[in-house]
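# Summary of the model geometry
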Amino acid sequence: MKDWSDLAPFPSPERRVWCNRTLNLRSIRAIGYDMDYTLIHYRVDEWERRAYEHLRQRLADQGYPVDGLEFDPDGAIRGLAIDKERGNLVKANRFGYVKQAAHGTRPMGFDELRTEYGRTVVDLAEPRWEFLNTFFSKSEGCMFAQLVDRLDEQRLPGVMGYADLYRLVKKTLDFAHMEGHLKAEIIGDPDRFIDLDPDLPQALADQRMAGKKVLLITNSEWSYTRAMMAYAFDRFLPDGRTWRDLFDIVFVSARKPAFFTSRMPVFEVATEEGMLRPAIGLHEGALFLGGDARLVEEHLGVSGEEILYVGDHLSTDVHVSKAVLRWRTGLVVRELEEELKALANFAGPEQELESLMAEKERLEHLHAHARLGLQRLKGGAPRAGLSPSRLHEALTDLRAALDALDERIGPLAAGAGEIGNRRWGPLMRAGNDKSLLARQVERYADVYTSRVSNFLHHTPYGYLRSFRGTMPHDAGPGPGG
Ligand SMILES: [Mg+2]
């Protein structure tokens, strides 16, 4: 056979679609997309900074002392949980054990962490926790932490504890998102807020040409959706074509998660200005307000496993659609691009860290046996060749070597803990293990990727195979060789 590899290079890791559960794209008959942070990627720091500033203004209007507070882009990352009982932000591992935490904006040390969370498992089903599900949560997490500091200083009269504070922040931020000012600013200056992706229209056009129904299902209202989609898509399409030509059906103001869980009223948006009329069933090329997932299934005549829904909100877009409808799910995790690059840059130190850890494990094993040898001698069960003096010497020697190893491991481990975000570290890792976010991604997202246009490389005919799961014993022989 000739070498055909120049037909298409395999995508780089940061642009691949990663697979938790095997997905044959050929058998997918409809693909639905969320809009905000899925098809439209915002410059997170700009968008969240403005959202934060609107939130701060609304709080100031209500008389809260928010003077001097500034948005901190590193203050919170997706996948942290807010502990509403204790006023903390926490990062947990896949078992829910807290590996990092901050009270307000102050990071907790090891001992404090152990006292506070030694007996606690983060269970997101409990009302105590608020999981930061999307980039939109960054401003919320940042403001909550800063106001915890002020509450502790007794500067927030009328706020009755951390749960009450969370309610205040959440309610005010939702209000800032809903009212027109913030969105009018985005519509008025899209260059500043939107990060364009020229490959995106082609990825959707390929899917549609391959016979799949392509849907937009967004909670954003029509006027905002129209402005964002036209800005991000129309410039990359041939003359006379618009973003509307890429979609079979569009749903705005979809009210997810209710869109997935309940029957909802549906209206047709009859004019560009947004005039509504009652909808009698769905029809293609049309634009609807409201509606629900069952209506989509009935109209298209497809079942759950034939629909792929792609969104960035871990709970609403992938957890609910999978739990309720068994739709196939794709999660957009833009942070992966920077994080995978940072991990690649850290490959050298990472390798060194691993070999030092293997050496540490080997020396600890010997140290434990030297100790046991002494204990047995005391108990009157000597073993040939193990004199007390030899064992004491081994203990001293090994302890010194272990201390020296720790000196070298410390800075490397600290470096690994700053990948992706200087304060909270990588999204998908917590300490040595997978993070709680990674566990949520595994459970609910069949596939995940940094951006929708990555589907371009895998084509509408691709067969995405799941990663071979690993257990600790899969990792190889370890320090014994
Ligand atoms: Mg979204």
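Residues numbered from 1 in each chain as written. Predicted model: local features only at pLDDT ≥ 70, side-chain atom pairs only at ≥ 80, totals over all residues.

In this section: the overall build of the protein chain. Broken down by element type, the protein chain carries 16 helices and 21 strands. Projected onto its principal axes, the C-alpha positions of the protein chain cover 90 × 75 × 35 Å. Within the span of the protein chain, comprising 481 residues, buried residues form 37% of the whole. A separation threshold of at least 6 residues defines the contact pool for the protein chain, and within that pool the share at least 24 residues apart is 74%. (Helix = DSSP H or I, 4+ residues; strand = E, 2+ residues; numbered from the N terminus. Buried ≥ 20, exposed ≤ 12 C-beta atoms within 10 Å, placed from the backbone. Contact = placed C-beta atoms within 7 Å.)

The next point concerns unusual backbone geometry. Across the junction of Lys-256 and Pro-257, the peptide omega takes the value 10°, indicating a cis bond. By the element assignment, Pro-257 lies in the loop between β12 (249-252) and α9 (258-261). The backbone of Gln-154 sits at a positive phi, close to 60°, despite the residue not being glycine. Tracing the backbone through its elements, the reader meets Gln-154 in the loop between α3 (137-152) and α4 (162-178). By the C-beta count within 10 Å, which is 8 here, Gln-154 ends up exposed. Of note, Thr-459 is a non-glycine position whose phi angle comes to about 65°, a positive value. Relative to the helices and strands, Thr-459 is located in the loop between α16 (455-458) and β21 (463-464).

All right, on to helix α11 (residues 314-325) then. Here α11 spans 15 Å end to end across 12 residues, near enough to the 16 Å set by a 1.5 Å rise per residue. Within the span of α11, buried status applies to Leu-314, Asp-317, Val-318, His-319, Val-320, Ser-321, Lys-322 and Leu-325. Looking at the buried residues of α11, the elements they touch are α9, α10 (293-300), β16 (307-311), β17 (328-332) and α15 (436-444). Trailing α11 by a residue or two, Arg-326 shows a phi angle of about 60°, which is positive. (Expected span 1.5 Å × (residues − 1).)

Another point: the pairing of strand β15 (residues 287-290). Pairing of β12 with β15 involves 3 bridges; the strand directions are parallel. Paired with Phe-251 across the two strands is Phe-288, which belongs to β15. Judged from the 3 bridges that link them, strand β13 (residues 266-269) and β15 form a sheet pairing that is antiparallel. The partner of Phe-267 across the bridge, within β15, is Leu-289. (Pairing = 2+ DSSP bridges.)

Parsing the protein chain into structural domains produces domain 1 (19-42 + 194-338), domain 2 (44-190) and domain 3 (347-418). Relative placement of domain 1 and domain 2: their C-alpha centres are 29 Å apart. Between domain 1 and domain 2, the contact holds 11 residues from the first and 10 residues from the second. Listed by contribution, the elements that provide at least two residues to the side of domain 1 that touches domain 2 are α8 (222-233) and α11. Among the elements that make up the side of domain 1 that touches domain 2, the one with the highest residue count is α8 (3 residues). Its residues placed into classes, the side of domain 1 that touches domain 2 shows 7 nonpolar, 2 polar and 2 charged. (Domains from an automatic or database assignment. Nonpolar A, V, L, I, M, F, W, Y, C, P; charged D, E, K, R; others polar.)

With that out of the way, let us pick up the sheet that holds strand β11 (residues 213-217). Strand order across the open sheet formed by 10 strands is β1-β20-β17-β16-β3-β11-β12-β15-β13-β14, with mixed pairing between neighbours. With partners counted over all chains shown, the strands left at the sheet margins are β1 (17-19) and β14 (276-278), one partner each. The mean angle between the axes of side-by-side strands here comes to 25°, regardless of whether they run parallel or antiparallel. Pairing of β17 with strand β20 (residues 447-449), which is carried by 3 bridges, proceeds in the parallel orientation. Opposite Leu-331, over in β20, you have Tyr-448 as the bridge partner. This element, α11, spans β16 and β17 of the sheet and lies at about 165° to β17. (Axes fitted to C-alpha atoms, helices over the stretch in contact; angles between N-to-C directions.)

Time to look at helix α14 (residues 388-416). Between the first and last C-alpha of α14 there are 41 Å, a value that for 29 residues agrees with the 42 Å anticipated at 1.5 Å per step. In α14, a bend of some 30° at Ile-409 exceeds every other bend along the element, and Pro-411, a proline, comes one to four places later. (Bend = angle between axes of the 7 residues up to and from the residue.)

The next point concerns the sheet that holds strand β9 (residues 129-131). Read from one edge to the other, the open sheet built from 5 strands follows the order β8-β7-β6-β5-β9, with strand pairing classed as antiparallel. The outermost strands of the open sheet, each flanked by one partner alone, are β8 (106-107) and β9. Note that strand β5 (residues 81-83) and β9 share 3 bridges and pair antiparallel. Its bridge partner being in β9, Asp-83 is matched across the sheet by Trp-129.

Time to look at the environment of Leu-59. Along the chain, Leu-59 turns up in helix α1 (residues 44-61). Classification of Leu-59 by C-beta neighbours within 10 Å gives buried; the count is 21. Measuring from C-alpha to C-alpha, the distance between Leu-59 and Thr-172 comes to 7.1 Å, with 113 residues separating the pair along the chain.

Moving on, we come to the environment of Asp-123. Mapped onto the elements, Asp-123 comes out in the loop between α2 (110-117) and β9. With 188 residues separating them in the primary sequence, Asp-123 and Gly-311 have C-alpha atoms 23 Å apart.

For the rest of this paragraph, the subject is the packing of α1 against α4. The contact between α1 and α4 brings their axes to 9 Å, and the two run at 115°. Viewed along their axes, α1 and α4 form a crossing whose handedness is right-handed. Counting all contacts with α1, which are made through Ala-51, His-54, Leu-55, Arg-58 and Leu-59, the residues of α4 involved are Thr-172, Leu-173, Phe-175, Ala-176 and His-177. Along the lines of polarity and charge, the residues of the contact of α1 with α4 split into 6 nonpolar, 3 polar and 1 charged. (Left-handed = near helix turned anticlockwise from the far one by under 90°.)

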